[in-house]
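So the chains spell out like this:
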Amino acid sequence: MLDISKFTDKSIKQILTKLEKKTEVNALLPGGGILHIEKEVPYLIIYRKEDNDEGTSRLVISEASYIIVGDEDFEGYKKFLFEVSSMLSPLFKTYMLFEIYAGESGSNTFMIKAPAKKFPTALDTLKKELEEINSVYSGIYLQTKIKDTPRRHADDDENLMDVDVAKECGAVLVSLEVPPVYRTAEGELYPVFFRGFKDFLIPAIHKFIYDYIRVQTTYEVPSYTALGRQSLKDKVFEIDKKLTEIESSYQFLWLVSPSNIHQIKTTFFDSNYEDLLDYHYRLLPIDPDLLKRELYNLKIEEIDDPAMSYIFREKREELDHQITMLSERGTRNFFYSSIRLYKGVDRSLCEEAQQLLREVDEVTSENPDDELIDALGFSSMARKEFDYFQQQDENFKSRVHIRKDVNIMMVSQGELYLPEDYKMRKKESLALIQHEVGTHVLTFHNGSRQPLQQMKIGLADYDPLQEGLAVLAEYLVDGLTANRLRTLAGRVVAGSALLDGGDFREIFRLLMKDYGFSDVRAFNITSRIMQGGGFLKDIIYLQGLVQLRAYLQEGGELEPLLAGKFGIKHTKIIKELTDRGVLNTGVLRPSYLLTENTKEKLNLIREGLPLSKMIST
């Protein structure tokens, strides 16, 4: 980082030379000033260091190009702004100096000062976006005005650049006076409101700048979402790493599943579906209180990047819920926490599940001619898929584990685990390969190649999309069976019954008598929904498929969803971070995208294909 104690021809030349070489510029400037320019862009956000101005500087420091003007060498700052404008304006046709400052205490007006006739559409965009705040936050009643004046700064401040001087160096001057509603009259910040206010204001400013760039300059940028910082601060990576460590210190699903499920099933069936043993759970390897202390010692409030702040706050809340639930296993409170974590069962989802169960009958007999493969055969198929991945990325590494102490097929930390005695039909194996390897292993690896560890572990509420993608993959390779789809629907119906007060026996009988499930399938669904004291996680499989179907019908693209582990709700943030260069596109593509009928099948979904018609015969 450059340390500029005074602006001189030499020190200004140092900065300009870095810009000429297209390298990132970070500099400490006179009087506590700061300069950050990631790359040559046709604008510079300006904030003047002020006493008793809590919060306002944080409106600019997440920008890709900003300067904080210190309280010394004011003439030097004026000269620097002239020189940087003179250098960069020929590259882009013009160069915007955009100053942000706080209005007087009690102000309720965003005041935009700008040459209104030069770019009216961009100014109208900013005014419209700022006025939206009243629909986001009720009760603050803010207004927005555009003022065409040559004095484009706070009334009590001196010009950083006169309009006539700006014309000489190819600059255009704009300022935004922000009503300081984010702090008290005494200057104390409202931290929660300020966070939301900042997250609202920054995209509004970016939309204005994007419109200005698109119309007035030669600079090319794909969208307003690409205007944020590309390089993340060290604090972001520290918190990302710590959140990952906290989540990795316990296996949530393992710890909330019963350790005696085999005995429960045997006793229940031997007693003609009457006797039910208590669920037993494994001892906790962590102290929930200490883990929560670690979680809330993370200073996420210091992250000024709106996208990263949102991702981290959301993840912390999810981990908080999970840790609480580990302490509540076997109690009614576990169920209440489960409702909060998985958001209950939406009525429309329940209706979709019920319709599916009415339209699709359970298949009770299997074709004796169907070829069976065992764990070794499936392992061989998985390794072929691994070879395909390694052809795309030599850094790909994964293994298959065949073990006696595993009772279900699963992917953990990007590696595949198989029960030693596992057997399946060949047709099912093709679907399971794309479910487990083509989705879960692939997204783990793609996430591991991202700068953020959260992308391989999973952003908050990532499971529905993951499982939706995995089930879609089964459909795309002609492996989605009637019983598989019925099981997903049965889990939703069971979750709804649980919310209505049903107990184990009532839900089991509901599935058998009302929906035609065999006793084994009804037990498997019920025993999973009742673990912990009532666990709604299983609703996410059908929920994820329904959400993914709606996303595709609205024109969403499939492949960007495979760049890591995140939710449908994160698609805009993931696009923003990808546009900014913070995240990468996925390095691996699943083999099912190469099949001839994939595009046709996706088009059928986009055209409204019912779930019951996704079944492979």
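The model shown is predicted, which means the values in this text are computed figures rather than measured ones.

Rules behind the numbers
- Residues numbered from 1 in each chain as written.
- Predicted model: local features only at pLDDT ≥ 70, side-chain atom pairs only at ≥ 80, totals over all residues.
- Heavy atoms only, no water.
- pLDDT = per-residue confidence, 0-100.
- Helix = DSSP H or I, 4+ residues; strand = E, 2+ residues; numbered from the N terminus.
- Polar contact = N/O pair within 3.5 Å; in protein donor to acceptor, adjacent residues only side chain to side chain.
- Contact = heavy atoms within 4.5 Å.
- 1 Å grid on protein atoms, 1.4 Å probe; cavity = no way out; pocket = protein on both sides within 12 Å on 5 of 7 lines; lining within 4 Å.
- Points joined across faces, edges and corners; volume = space filled by probe spheres on them.
- Nonpolar A, V, L, I, M, F, W, Y, C, P; charged D, E, K, R; others polar.
- Core = buried A, V, L, I, M, F, W, Y, C linked by side-chain atoms within 4.5 Å.
- Buried < 20%, exposed > 50% of the residue type's maximum accessible area, 1.4 Å probe, protein only.

Per-residue pLDDT for the chain averages 93, and the proportion of residues at 70 or more is 99%. Taken element by element, the chain is modelled with least confidence in strand β14 (residues 423-425), mean pLDDT 82, and with most confidence in strand β4 (residues 43-48), mean pLDDT 98.

On to the side chain of Ser 612. Along the chain, Ser 612 falls in the segment after α23 (598-606). Among the polar contacts made by the side chain of Ser 612, one reaches the side chain of Glu 359 at a distance of 2.9 Å. Dropping the residues within four chain positions of it, Ser 612 is found in contact with Leu 356, Glu 359 and Val 360.

Glancing now at the layout of surface pockets. Each pocket or cavity is described by its volume, and for the second largest pocket that value is around 710 Å³. The wall of the second largest pocket is formed by 28 residues, among which Asp 199, Pro 203, Tyr 224, Ile 573 and Glu 576 lie closest to the centre. Every element with two or more residues in the lining of the second largest pocket is listed here: α6 (191-216), α11 (306-327) and α22 (571-579). The biggest single contributor to the lining of the second largest pocket is α6, with eight residues. Here the lining of the second largest pocket is composed, by residue class, of 11 nonpolar, seven polar and 10 charged.

This part takes up the nonpolar core. Membership of the largest hydrophobic core comes to 120 residues, with the highest contact counts inside it found for Leu 472 and Leu 558. Examining the composition of this core, we find that nine residues originate from one element, helix α18 (residues 482-499), more than from any other. Apart from residues lying up to four places away in sequence, Leu 558 is in contact with Leu 469, Leu 472, Leu 476, Leu 552, Tyr 592, Leu 593 and Leu 602. In this structure, Val 69, Ile 112, Ala 166 and Phe 197 belong to the second largest nonpolar core, which totals 75 residues.

Under the counting rule described, the total for this entry stands at two cavities of 30 Å³ or more. Along its surface, the largest cavity is lined by Ile 46, Arg 48, Leu 81, Leu 97, Glu 99, Arg 152, His 153, Asn 159, Leu 160, Met 161, Leu 173 and Val 174. Elements represented by at least two residues in the lining of the largest cavity include exactly β4, β6 (95-102) and β9 (171-178). Per-class residue counts for the lining of the largest cavity are seven nonpolar, two polar and three charged. Forming the boundary of the second largest cavity are Leu 472, Leu 545, Leu 548, Arg 549, Leu 552, Ile 605 and Met 614. If you tally residues by element for the lining of the second largest cavity, the top one is helix α21 (residues 540-553), at four residues.

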